[in-house]
Amino acid sequence: PTTFEMSTQEEREAKKKARAAARGKGNLIFFVLRQRFHSVQAVVAKSDNVSKAALKFVQSLSKESIVDIFGLVTVPENTIDSTTQKNVEIQVSRLYVVSLAEPLPLLIEDASRPEPLLEEQAKNLKEIDEKIAAVQTKLAGKEGEEKEALEKEIAELIKSKDAATKYVVVDQSTRLDNRILDLRTQANQAIFRLQSVVGTLFRQYLLDQGFTEIHSPKLISCASEGGASVFEVKYF
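Residues numbered from 1 in each chain as written. Predicted model: local features only at pLDDT ≥ 70, side-chain atom pairs only at ≥ 80, totals over all residues. Heavy atoms only, no water.

Colleague: Before we go on, may I ask you to explain the overall build of the protein chain in this structure?
Modeller: Within the protein chain, the secondary structure is distributed over seven helices and five strands. The secondary structure elements of the protein chain, listed N-terminal to C-terminal, are β-β-β-α-β-β-α-α-α-α-α-α. Each of the 236 residues in the protein chain was classed as buried or not, and the buried ones make up 26%. Taking the contacts inside the protein chain whose residues are at least 6 apart along the sequence as the reference set, 62% of them involve residues at least 24 apart. (Helix = DSSP H or I, 4+ residues; strand = E, 2+ residues; numbered from the N terminus. Buried < 20%, exposed > 50% of the residue type's maximum accessible area, 1.4 Å probe, protein only. Contact = heavy atoms within 4.5 Å.)

So this is what it looks like as structure tokens:
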């Protein structure tokens, strides 16, 4: 099922096919299962039925791999903030890899990151770069202890810049070159869902008024790929 509604005392078996992203180490592995807009946390723990080798295998799964999950749906002690299903998780008993993903040119979480976070990071990095440039200007012609102090200051600024670089920025060209991945972000999924609903409402209204849907010829600014069904109209 895509969503779960459970009381705090209820448990039930579940099977789920989804894309996976694993994290964790040791005897406990957490990973997020995603189907389109919805996600749920799954847990694999070392037990009599789950070996250490099995845990390593799960941890090594590449992100966006498609898996079949069998397990028990339970209610966690604390709310899960990283998934859309916040009040349940799946205790995995069996896992099968349906399709192992190749290394990705971009990560969905990077492409999904809100613009305000990236803008704030860019602003902080710019301020640090300006400070580094100012200190480098002072450094010219300096010798001895004064030079060492300025070089130390630059090193500290570079270290602070590395610490301030928390997020990977996915530029537009990377998004367009890998559109199939970019379309998996929640923002793009929401855009197409809204577009679908609006189109459905328009269509349904017209059908209710007795209209018959037709697919008429379209005016476009240039020839389409085939060109066989295209004729010129002096319009543009």
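There's more to say after this.
Colleague: Explain the side chain of Arg-184 to me, please; I cannot follow it from the model alone.
Modeller: Following the sequence through the fold, Arg-184 ends up in the loop between α6 (179-182) and α7 (186-208). Classification of Arg-184 by relative accessible area gives buried; the value is 18%. When residues no more than four places from it in sequence are discounted, the contact partners of Arg-184 are Arg-19, Arg-34, Glu-64, Ile-108 and Gln-189.

Colleague: Can you help me understand the pairing of strand β4 (residues 65-74) in this one?
Modeller: When a strand is regular, its side chains alternate between the sheet's two faces. Most of β4 sits out of view: eight of its ten residues are buried. Sheet analysis places β4 next to strand β5 (residues 89-99), joined by nine bridges and oriented antiparallel. The residue bridging Thr-74 from the neighbouring strand is Glu-89, located in β5. (Pairing = 2+ DSSP bridges.)

Colleague: What is the right way to look at the packing of aromatic side chains in this model?
Modeller: The description of an aromatic ring pair uses the distance of the two centres, along with the angle that the planes make with each other. This model, assessed by the stated rule, comprises one aromatic pair. When the ring of Phe-70 is compared with that of Tyr-96, the centres are 5.9 Å apart and the planes differ by 90°; the resulting orientation is edge-to-face. Note that Phe-70 is positioned in strand β4 and Tyr-96 in strand β5, a separation of 26 residues in sequence. Judged by its relative accessible area of 42%, Tyr-96 falls in the partly exposed class. One Lys or Arg, Arg-94, reaches over the ring of Phe-70 and ends 4.1 Å from the middle of that ring. (Phe/Tyr/Trp six-rings, centres within 6.5 Å; stacked < 30°, edge-to-face > 60°. Lys NZ or Arg CZ within 6 Å of the ring centre and 35° of its normal.)

Colleague: Quick question: what am I supposed to make of the nonpolar core here?
Modeller: Generally speaking, nonpolar side chains in soluble globular proteins are found buried as a group. Phe-31, Leu-33, Val-44, Ile-69, Ile-90, Val-92 and Leu-95 are the most contacted members of the largest nonpolar core, which has 19 residues in total. Setting aside chain neighbours within four positions, we find Leu-95 in contact with Phe-31, Phe-57, Val-58, Leu-61, Val-67, Asp-68 and Ile-69. Val-135, Leu-150, Ile-154 and Leu-157 belong to the second largest nonpolar core, which has seven residues in total. (Core = buried A, V, L, I, M, F, W, Y, C linked by side-chain atoms within 4.5 Å.)

Colleague: Where do I start with the side chain of Arg-113 in this structure?
Modeller: Looking at where Arg-113 falls in the secondary structure, it is placed in the loop between α2 (108-111) and α3 (115-139). Among the polar contacts made by the side chain of Arg-113, one reaches the side chain of Asp-110 at a distance of 2.8 Å. With residues up to four places along the chain from it excluded, the contact list for Arg-113 reads Leu-118, Tyr-167 and Val-168. (Polar contact = N/O pair within 3.5 Å; in protein donor to acceptor, adjacent residues only side chain to side chain.)

Colleague: Would you take a moment to explain the packing of α3 against helix α4 (residues 144-164) for this structure?
Modeller: The relative placement of two packed helices comes down to the angle between their axes together with the axis-to-axis distance. Look at α3 against α4: their axes get within 10 Å of each other, and the N-to-C directions meet at 170°. Taken as axis vectors, α3 and α4 run roughly antiparallel relative to one another. Taking contact as the criterion, the partners of Gln-121, Leu-125, Ile-128, Asp-129, Lys-131, Ile-132, Val-135, Gln-136, Lys-138 and Leu-139 in α3 are, on α4, Lys-147, Leu-150, Glu-151, Glu-153, Ile-154, Leu-157, Ile-158, Ser-160, Lys-161 and Ala-164. The class makeup of the residues in the contact of α3 with α4 is ten nonpolar, three polar and seven charged. (Axes fitted to C-alpha atoms, helices over the stretch in contact; angles between N-to-C directions. Parallel < 35°, antiparallel > 145°, perpendicular 65-115°, else oblique. Nonpolar A, V, L, I, M, F, W, Y, C, P; charged D, E, K, R; others polar.)

Colleague: Please explain the environment of Glu-146 as it appears in this structure.
Modeller: Within the element layout of this structure, Glu-146 appears in helix α4. A polar side-chain atom of Glu-146 sits 3.3 Å from a polar atom in the side chain of Lys-142.

Colleague: Can you walk me through the pattern of salt bridges in this structure?
Modeller: Applying the stated criterion across every chain, the model contains nine salt bridges. Salt-bridge contacts for Arg-113 lead to Asp-110; the nearest nitrogen and oxygen are separated by 2.8 Å. By relative accessible area, Arg-113 is classed as buried at 18%. Between Asp-129 and Lys-161 there is a salt bridge, with its nearest N and O atoms 2.8 Å apart. Here the residue Asp-129 occupies a position in helix α3, and Lys-161 occupies one in helix α4, the gap between them amounting to 32 residues. On the basis of relative accessible area, Asp-129 is assigned to the partly exposed category, the value being 34%. In the salt-bridge network here, residues are joined through shared partners; they are Arg-34, Glu-64 and Arg-184. (Salt bridge = Lys/Arg side-chain N within 4 Å of Asp/Glu carboxyl O.)

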